[in-house]
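Observations on the three-dimensional arrangement
Residues per chain, in single letters:
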Amino acid sequence: MFTAPSDPVNVRKELKVTQLCELCHSRKAIIRRPKNLQKICKLCFFHVFETEIHETIVSNDLFYRGERVAVGASGGKDSTVLAYVLKLLNERHDYGIEIVLLSIDEGIVGYRDDSLATVKRNQQQYQLPLEIFSYQDLYDWTMDDIVETAGIRNSCTYCGVLRRQALDRGAAKLEIKHVVTGHNADDMAETVLMNILRGDVARLEKSTSIMTSSTGSPIKRSKPFKYCYQKEIVLYAHYKKLDYFSTECTYAPEAFRGTARELMKNFEAIRPSCIIDIIASGESFVLKQKMGKQNKKKIITYNDGNRCERCGYLSSNKICKACMLLEGLEKSRAQIKIQVQVPGEPQQEGPAKVLRTLERLTF
Amino acid sequence: MVNVKVEFLGGLDAIFKKQRVHKLTLKKNNSDDEPVTVGDLIDYIVENMIEDKNDVEVFLQNGTVRAGILTLINDTDWELEGEKEYELEDGDIISFTSTLHGG
Ligand SMILES: [Zn+2]
Ligand SMILES: [Zn+2]
């Protein structure tokens, strides 16, 4: 069930000139854009928001006519707005692409159930095909099982590796070679900041490029929201009354990312342009490094031909990252099973499950 | 005295007993005429509506609404309406939307 935000009933009759939109000069300004502090009305906001994404898509040649594109759809605000806007722009500007919603069911009880319900409503609302792949299908493990075995502290590592491969594997099953995700300017700036704080300058290039392809994968990834502020994405969803799901994943982000995010939000409050400024800094770091070398805008390509010995997934190593993680888990799972099977109490739950329940209660 | 509607969106309802919409009647100093501001509303929310005091910092930071929560007064960003100084009128809709949770 989706409840849209209420429409205002109080409308100002008399407006001062200073309250008018700085673009059309005829309607009441309702937001100030964080990018440039321009005060604009709702209709002009829709227009500039959509147009900027269109320009990002065109100037970076993100799509070609006839391309099949999977939107990594989580039911959250970013991917919901992405699916909506891509469909709209595809019709408005005739990109000629075929859009499929691609969802991964990690098997996180209570979180993924509700978010998948949202994606299913989005499928109806936007009339887009939806494909769901479960961790159970792809890996024979659910995220809940993984946490139970590996402990909650490590869950983000697993979540990160498995989720990334899952989208690629899902897309490969659909014979789609391009996955678009809802990563926005805030996410990107946050990653740039984290890489700088960690001294991980080598990762800057990948963290600011709009299109990438990871080693071991024939699937390219792109981020049409690279220059979109989180705040504007939420405002867009709000004014368009888009149906999205919003609850923190019970496996919360690692502390370092959380702190970096907090820091950025505080910077943004003082100087809203800092988010695109950080991205710009990240980009110029790369340019300086590449001086003298080739400076073609080329996407990083994968090593063709190598496949994981376990699962056959394209991988630069003998065994792919996911299989390596899962192999470690299998060992711990066997141990925990022995630990748990007390005669007479076959249904007893593992200590990890209890731990997790406790973790949940503190949220 | 003023009657307003307050909405907690984007997952923020989690700290308000999962209730998104709240209808409130607010009074300042027991007077019927004294204007009630958004600042007063924030105080009211913090004092009376957040059940678990540990959750206050989810909503409040340095005495104002936390960075990352979007505050709209009748669908207009409160930055354009004087923020905490805005005087509430009957029928106003104030919404607080978390932009932080779950992309
Ligand atoms: Zn306008
Ligand atoms: Zn493998």
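Refer to the structure above for everything that follows.
Computed from a prediction, not measured in an experiment: that's the story for all the values here. Here, residues in each chain are numbered from 1, in the same order as that chain's written sequence. Each chain gets a letter, beginning with A, and each ligand a number, beginning with 1, in the order they are written. Only residues with pLDDT of at least 70 are given local features in this predicted model, and only at 80 or more are side-chain atom pairs given and counted; all residues enter the totals for whole chains, interfaces and linings. In computing side-chain values, all of the structure's heavy atoms are included and hydrogens and water are not.

Under ideal tetrahedral coordination, the four donors around a metal are separated by 109.5 degrees; under ideal octahedral coordination, the six donors are separated by 90 or 180 degrees. Residue and element names in this part refer to chain A. Coordination here is defined by N, O and S atoms within 2.8 Å of the metal (3.2 Å for Na, K and Ca), and since water is not considered, a site can look incomplete. Those protein atoms acting as donors to the zinc ion (ligand 1) are Cys21 (SG), Cys24 (SG), Cys41 (SG) and Cys44 (SG), and they sit at 2.3 Å. Around the zinc ion (ligand 1) sit four donor atoms; with metal-centred angles ranging over 103 to 115°, the donor geometry is tetrahedral. All donors to the zinc ion (ligand 1) come from one chain, and their sequence spacing reads C-x2-C-x16-C-x2-C. Of this pair, Cys24 sits in the segment before strand S1 (31–32) while Cys44 sits in helix H1 (residues 42–59), placing them 20 residues apart in sequence. Sites are called tetrahedral only when four donors show all angles between 85 and 135 degrees, square planar or octahedral only when four or six donors show opposite pairs over 155 degrees and all other angles between 65 and 115, and irregular in any remaining case. Going along the chain from the N terminus, every DSSP run of H or I of four or more residues is numbered as a helix, and every run of E of two or more is numbered as a strand.

This brings us to the interface of chain B and chain A. In this description, contact between two residues means that some pair of their heavy atoms is separated by no more than 4.5 Å. Residue-level contacts link 33 residues of chain B with 37 residues of chain A. Taken over both partners, the interface formed by chain B and chain A buries close to 2800 Å², and the fraction arising from carbon and sulfur atoms is 46%. Salt bridge criterion: a side-chain nitrogen from Lys or Arg within 4 Å of a carboxyl oxygen from Asp or Glu. On the surface where chain B and chain A come into contact, there are six salt bridges. Any pair of N or O atoms that falls within 3.5 Å is considered a polar contact. Within protein, one atom must be able to donate a hydrogen and the other to accept it, and sequence-neighbouring residues count only if both atoms are side-chain atoms. On the surface where chain B and chain A come into contact, there are 16 residue pairs in polar contact (both at pLDDT 80 or more). Among the secondary structure elements, those contributing two or more residues to the side of chain B that touches chain A are strand S1 (2–9), strand S5 (69–73), strand S6 (76–77) and strand S7 (93–98) of chain B. Residue contributions to the side of chain B that touches chain A peak at four residues, all from S7(B). For this classification, Asp, Glu, Lys and Arg are treated as charged, while Ala, Val, Leu, Ile, Met, Phe, Trp, Tyr, Cys and Pro are nonpolar and the rest, including Gly, are polar. The residue makeup of the side of chain B that touches chain A, split by class, is eight nonpolar, 14 polar and eleven charged. We define buried area as the total accessible area lost by two parts upon association, computed with a 1.4 Å probe and summed across both.

A word on the pairing of S5(B). All names here are of chain B. Only protein chains enter the accessibility calculation, which uses a 1.4 Å probe. A residue is then buried if its area is under 20% of the maximum for its type, exposed if over 50%, and partly exposed in between. The buried fraction of S5 amounts to five of the five residues, a majority that puts the element mostly inside the structure. Residues Ile69, Thr71 and Ile73 line one face of S5 and the alternating positions Leu70 and Leu72 line the opposite face, and both faces are buried. Following DSSP output, two strands are said to pair if at least two bridges run between them. In this sheet, S7 lies alongside S5 in antiparallel orientation, the contact comprising five bridges. Following the sheet pairing, Ile69 is matched in S7 by Ser98.

A few words on the packing of aromatic side chains. All names here are of chain A. Any pair of Phe, Tyr and Trp rings, taking the six-membered ring for Trp, is counted once the centres come within 6.5 Å. Such a pair is stacked with planes under 30 degrees apart, edge-to-face with planes over 60 apart, and tilted for the rest. Summed over the entire model, instances satisfying the criterion amount to 16 aromatic pairs over all chains. Ring pairing ties together the aromatic residues Phe45, Phe46, Phe49, Tyr84, Tyr126, Phe225, Tyr236 and Tyr239, which thus form one cluster. Above the plane of the ring of Phe46 lies Lys240, whose end atom (NZ or CZ) is 4.3 Å from the centre. In this scheme, the term charge over a ring applies when either NZ of a lysine or CZ of an arginine sits within 6 Å of the ring centre and within 35 degrees of the ring normal.

Before going further, it helps to examine the nonpolar core. Counting 48 residues, the largest nonpolar core has A:Phe45, A:Phe49, A:Phe63, A:Val81 and A:Tyr236 as the members making the most contacts within it. Those elements that provide at least two residues to this core are H1, strand S3 (68–72), helix H2 (77–93), strand S4 (98–105), helix H3 (112–126) and helix H9 (230–239) of chain A together with S5 of chain B. With eight residues, H2(A) is the single largest residue contributor to this core. When residues no more than four places from it in sequence are discounted, the contact partners of A:Phe45 are A:Ile31, A:Ile40, A:Glu232, A:Leu235, A:Tyr236 and A:Tyr239. Among buried residues, the Ala, Val, Leu, Ile, Met, Phe, Trp, Tyr and Cys ones that are joined through side-chain atoms within 4.5 Å form a nonpolar core. Counting residues in each nonpolar core, the second largest holds 33 residues, with A:Phe133, A:Tyr135, A:Ala171 and A:Leu326 among its members.

Let us look at the pairing of strand S2 (residues 21–26) of chain B. Residue and element names in this part refer to chain B. In S2, alternate side chains face the same way, and those of His22, Leu24 and Leu26 are buried while those of Val21, Lys23 and Thr25 on the opposite face are not. Direction of pairing for S1 relative to S2: antiparallel, over a ladder of six bridges. Following the sheet pairing, Lys5 is matched in S2 by Lys23.

Before going further, it helps to examine the sheet that holds strand S7 (residues 211–212) of chain A. Residues and elements named next belong to chain A. One open sheet holds the six strands; their spatial order is S5-S4-S3-S6-S8-S7, and the pairing between them is mixed. For this open sheet the edge positions go to strand S5 (130–134) and S7, each flanked by a neighbour on one side alone. Pairing between strand S6 (residues 178–180) and strand S8 (residues 220–222): three bridges, direction parallel. Counterpart to His178 in the pairing with S8 is Lys220. Lying on the sheet, H2 is in contact with S3, S4 and S6; it crosses S3 at an angle near 155°. Relative to the sheet, H3 contacts S4 and S5, its axis offset from that of S4 by approximately 165°. Lines are fitted to the C-alpha atoms to define the axes, a helix being fitted only along its stretch in contact, and any angle between axes, read from their N-to-C directions, falls within 0 to 180 degrees.

Let us look at the sheet that holds S7(B). Taking strand neighbours across the sheet as the criterion, the five strands line up as S2-S1-S7-S5-S6 (chain B) in an open arrangement whose pairing is mixed. The two strands at the open ends of the sheet, each matched to only one other strand, are S2 and S6 of chain B. Here S1(B) runs beside S7(B); their pairing, made up of five bridges, is parallel. Bridge pairing in S7(B) places B:Lys5 opposite B:Ile93. Running over the sheet, H9(A) touches S1, S5, S6 and S7 of chain B and is turned about 45° from S5(B). Together, S1, S2, S5 and S7 of chain B form the strand contacts of helix H1 (residues 38–49) of chain B, whose direction differs from that of S2(B) by roughly 115°.

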